[in-house]
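Structure at a glance
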Amino acid sequence: MLNLISDALRARFGFAQESSYASYRLLRRLRAKPQALMTQNRVDSGALVKLTAAALALPGLSLAPRAEALIDDPVSLQYGYYKQTPWQLLGGIKSQYSPLTVENIEGNGILTFPDHWKFSFGYVQDTWSGATPVTSAPYALGGNNPTLAGASPLVRGNGTILYDKKLTPWLLDPNTATYVPDARLVQTVASASPEIRNSGSFRLGREWEDMAFNVAGGVSQEPDYSSAFGGVNGLINFNDKQTALNYGVDYTNSSVYALINPSYSPYIDKSYYASRGQLQVETGPNGTKVEHLTGIRQDWNFHLNLSQVVNRGLLVQTGIGFVRSQGYLANPYKAVDMVFVNTKEDPVPQPDGEAGLPPLWAPSVQAAVERRPDFRDQGIWDLRFVQYVDDFDAAVHGGYRFFIDSWGISAHTFDVDWVQPIEEWSVTPRFRYYSQSGAGFYQPYFLFSGSEPTVGDRFNLAGVPLTAYSSDWRLAAYGSVSAGVTVARSVGKAMAFEAGFEWYRHAGDLRMGGAGAGQGSWSNVDYYQFNAALKVDLAAISKGHGDVPEGAHAGHSGHDHRQQHIGMDGPAGILFNHMLANAGDTMVGVRYNYGFQSGDMMHGTSKVSDLQIVNQGCGPLLKCRYTPKDMDMSMVMLDIMYAPTDWMTLMLMPQFMSMDMHLRTLEGASPPSPDDIHALHGANPFHASSGVGDIFVGSLFKLYEAPGHKIHMTAGFTAPTGSVNQRVNGNSEFEHYGMQLGTGTWNAWPSLTYNGYAGDWNWGGQISGNVPLETHNDSGFASGTMFQSTAWGGYQLQDWLQGSVRALFTSQAQISGQYYGNFVPTGPMDMPQSYGGNFLDIGIGLNGHVKSGDFEGNHFGIEWLQPAYNDYNGYQLERKGSLWASWGISF
Amino acid sequence: MDRLNNRGGYVVRGLLILLLATVVSGCESVKPWQRGTLAKSHMAPQPFGAQAEFREHIYGSRESAGGSTASTGGGGCGCY
């Protein structure tokens, strides 16, 4: 339809037929030399019309909020890390749990198609673990005390607290063994084993001359919470594109399926949820009770945002938002303490030798899973500006945001940053202030004057005169300040690195209004976070291949395209299989590997019975109780290659790992011991771990090259950046060996690769070894030396597509050493002998290489490896296969 | 709204009204060829999008004032 726009119209608007994609490319040029634009003569420059169009298609000028900025980084991969400071537990008690940690990996991409269509996608994985408050209570209650099993916090205290007539808590001072008034509050902290959230999202958009419209959606999955979301949003430009209106509606549907920690469940009242049918109770092995709290929530989000170009250097935005949430809006892992003091009863007898104490009463203490209203309306208004600072060529971003909801919370947020470009660098310091009032149903704990309501001789929660109650510290009144810096550097025209750091302080006294306006300091906490991202601009690369022939990548536009890229097109599962062809070349890619094991338990080349594992799988002294039921492993590797000369290519390969495993109870196993942590989690305990793995650093060297034949070697090593200290159950025990994220040792990883090709055929072979250079890591073990050899053949099916077949032989020794300390194996997955073996896999794959058009230079591959022969060390779960997928771009 | 009924609230509101008034009265016509400065990458409303989303994700799980005047969805439980 746009093609029908007349020349007259084009002249009228100057940019009517300019596709936003082409505009975007032009804009890259504009950015490279911004001054050029300012000195252009606007009348006689034909390019100026395009530049204008480019400017109008800019993210900055599309006037869209947050999401639109993604256009600036069409493909990006980001790692983020968050760590909280330990909770203050008073009384010299140090938390036995590691502070809360979150690791995040995120990938985003935007594909621009002809006819103004755009598709963007995103993938996020979060892994979190560590200490988290269950509830809060008076220090005198003793809820801050560590517990022996490591899993059950003292939610109902330890029976030492007394109250006086004014309902002030009295503490039994352990040093003097006397009672003293003490009104201090403290968190009751529990810990969670690592849990992983995966989320995928997409957005499909169409752009018109003065409008854009998007449809978006996605899913988010974690073991206890899954949600699906979808929405539409759009943009309307008017007033010569000086004003823009953004609008949108989103809907999210989430369901909760939360395991109530079995070790503290007996101390928590769940009757409210049981009465609503939200408590699902199953019987685990040996009669243990497995309870899940379930619920559904729905969120509707409406927003409207107006952007205005005020002058040549000032952009202002303001927006309103409304969110309606309904359903189960509480946090299934949070509890409240309810303390009942009946001063009409007799006080406790005065302890001997403690003259002068006032009458004191022993309270009854109950704990219940928190309850929030089933309904929440939230209103948001914000105002933002971007101001150019001429003298420094800098930009200041600032904003204010007001929030109010039907729970009684109102909040103010102020933020400001200063983006300072310095040649290829930019440095952005930022500051943020946040202040909120507390929810109406929040109390650190709930204190009642009078006896607890009862039915028969049991606590009756329904008799408590409250319809909502929470002690979640995030619903209290407090303020926060945070400060951070972002550093970004562009590398060439197509790549940029970004890194950010932020420190954050949450404190009651930081609430607007000053000291005393917020909650006391007992719930103060700090955190820091950092992140690093790599961005690749496909449009700029394509330009380098195509319409800017003077680029430094002449090798790629040469006549022998196949020769340049043949190595790259090897099977997706082969690492280090090609060098970069020319000095100055860069390649950026992502490789994904997913492997899974399930089915029978194997010993050597044959199946074994459960009883055999019970008796032999855990060594001569111990009996096994569990065995793996299934295991998933996925690995994301970032391939970054750079060729300083044509005979050497440098390579950096960070890895991000995630694993999960279900266990099952072996038939014929003896009943669990009382402190068996797995027994509490039902018949199929579930473990997960995720985070940064070992990083590979190395070089590829050209050894031999003749027409049709190439040989290179790789010399490199992995650094022990992956954790070998993954633990479960509140940090008390090591995870199974196979669930650790790295090897914990420095490993050499050399390889020798041959590539051959003739006509439509290509073939190759590689041998490689992965050898630990230390005898044990910080946790006490070292992975077994691994040797691999592989050979493949490929055929060019199409000009851009190739098929491949290969064989891979792997031989890996068992783990040497074992976990330090008192580690008690519960199954073969805890035995160093049950790792490694000799394996033969047959692979089949496809590789594609885009040789022209907007995505020229992109290559991708996919390969499936099917186990053909397995000889397992010890007792292991059957290997079922692995999938490799790769994408890369060279420029 | 009672939180706004204090001195801080008045100051905030006063500043906002002043800012709005400035914006409304101060708009000048900016022709497309005059937008070179606005076209600079650091003048984008959010120059570091992915990073900002990570920060917002954390704020969203640590603070009560979630929600947004832009699209949201699928932030997960944030139950910790």
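Sequence positions are assigned chain by chain, starting from 1 and proceeding in written order. To label them, take the chains in the order written and letter them from A, then take the ligands in the order written and number them from 1. Whole-chain, interface and lining totals are the exception, using all residues; otherwise, since this is a predicted model, local features are given only for residues with pLDDT of at least 70 and side-chain atom pairs are given and counted only at 80 or more.

**Let's talk about the overall build of chain A**
Segments assigned H or I by DSSP are reported as helices when at least four residues long, segments assigned E as strands when at least two residues long, and all are numbered from the N terminus. A count of helical and extended segments in chain A gives nine helices and 44 strands. A buried classification covers 48% of the 891 residues belonging to chain A. Any residue pair is listed as a contact if its two C-beta atoms, each placed from the backbone, are within 7 Å. Considering only intrachain contacts with a sequence separation of at least 6, the fraction spanning at least 24 residues in chain A is 69%. To assign burial, the other C-beta atoms lying within 10 Å of each residue's own C-beta are counted, with C-beta atoms placed from the backbone; 20 or more indicates buried, 12 or fewer indicates exposed, and intermediate counts indicate partly exposed.

**Concerning the pairing of strand β28 (residues 626-645) of chain A**
All names here are of chain A. Pairing between strands requires that DSSP locate at least two bridges from one strand to the other. In terms of strand pairing, strand β26 (residues 586-604) meets β28 through 13 bridges, oriented antiparallel. The residue of β28 that forms the bridge with Gly 589 is Asp 639. With eleven bridges joining them, β28 and strand β30 (residues 655-665) adopt antiparallel strand pairing. By the bridge assignment for β30, Val 636 is matched with Phe 656. Here four bridges tie β28 to strand β29 (residues 648-653), and the two strands are oriented antiparallel to one another. When the sheet's bridge partners are listed, Thr 645 is paired in β29 with Met 648.

**A look at the sheet that holds strand β20 (residues 446-449) of chain A**
All names here are of chain A. With respect to topology, three strands assemble into an open sheet ordered β15-β14-β20, the strand pairing being mixed. The sheet terminates laterally at β15 (364-369) and β20, the two strands that pair on one side only. Averaged over all pairs of adjacent strands, the angle between their axes in this sheet comes to 25°, without regard to strand direction. Note: strand β14 (residues 335-341) against β15, six bridges, orientation antiparallel. Note on β15: the bridge partner recorded for Ala 335 is Val 369. Interaxial angles span 0 to 180 degrees and are taken between N-to-C directions of axes, which are lines fitted to C-alpha atoms, for helices over the stretch in contact.

**What about the pairing of strand β6 (residues 178-181) of chain A?**
Residues and elements named next belong to chain A. Pairing geometry for strand β5 (residues 169-173) and β6, over four bridges, is antiparallel. Looking at the pairing, Trp 170 lines up with Pro 181 of β6. Between β5 and β6, which pair antiparallel in sequence order, lie four residues; one of them, Ala 177, sits at a positive phi of approximately 55°.

**Things to note about helix α2 (residues 49-62) of chain B**
What a helix is expected to span follows from its residue count: subtract one and scale by 1.5 Å. Along its 14 residues, α2 of chain B runs 20 Å from first to last C-alpha, staying within 8% of the 20 Å computed at 1.5 Å per residue. Three or more residues of α2 of chain B are buried, namely Gly 49, Ala 50, Gln 51, Glu 53, Phe 54, Arg 55, His 57 and Ile 58 of chain B. In this structure, the buried residues of α2 of chain B make contact with β1 (75-84), β2 (101-113), β23 (478-491), β24 (495-507) and β25 (525-536) of chain A.

**A few points about unusual backbone geometry**
All names here are of chain A. For Lys 241, which is not glycine, the phi dihedral falls at a positive 60°. Looking at Lys 241, the number of C-beta atoms within 10 Å reads 21, which means it is buried. Despite not being glycine, Glu 423 has its phi angle at roughly 55°, a positive value. With respect to the secondary-structure elements, Glu 423 resides in the loop between β18 (410-422) and β19 (425-436).

**As for the environment of Asp 164 of chain A**
Residue and element names in this part refer to chain A. Along the polypeptide, Asp 164 turns up in the loop between β4 (162-163) and β5. C-alpha separation for the pair Asp 164 and Leu 360, spaced 196 residues apart in sequence, amounts to 4.7 Å. Contact partners of Asp 164, with chain neighbours within four places excluded, come to Trp 170, Pro 358 and Leu 360.

**Considerations on the confidence of the model for chain A**
Residue and element names in this part refer to chain A. pLDDT expresses how confident the predictor is about each individual residue, on a scale running from 0 to 100. Summary statistics for chain A give a mean pLDDT of 83 and a share of 85% for residues scoring 70 or more. This model gives residues 1-73 a pLDDT under 50, and the stretch forms 119 contacts once residues within four places in sequence are excluded. For residues 148-152, every residue scores under 50 in pLDDT, and the model assigns this stretch 14 contacts once sequence neighbours within four places are set aside.

**Observations concerning the sheet that holds β4 of chain A**
The antiparallel open sheet is built from three strands, whose spatial order is β4-β5-β6 (chain A). The sheet is open, and its two edges are formed by β4 and β6 of chain A, each paired on a single side.

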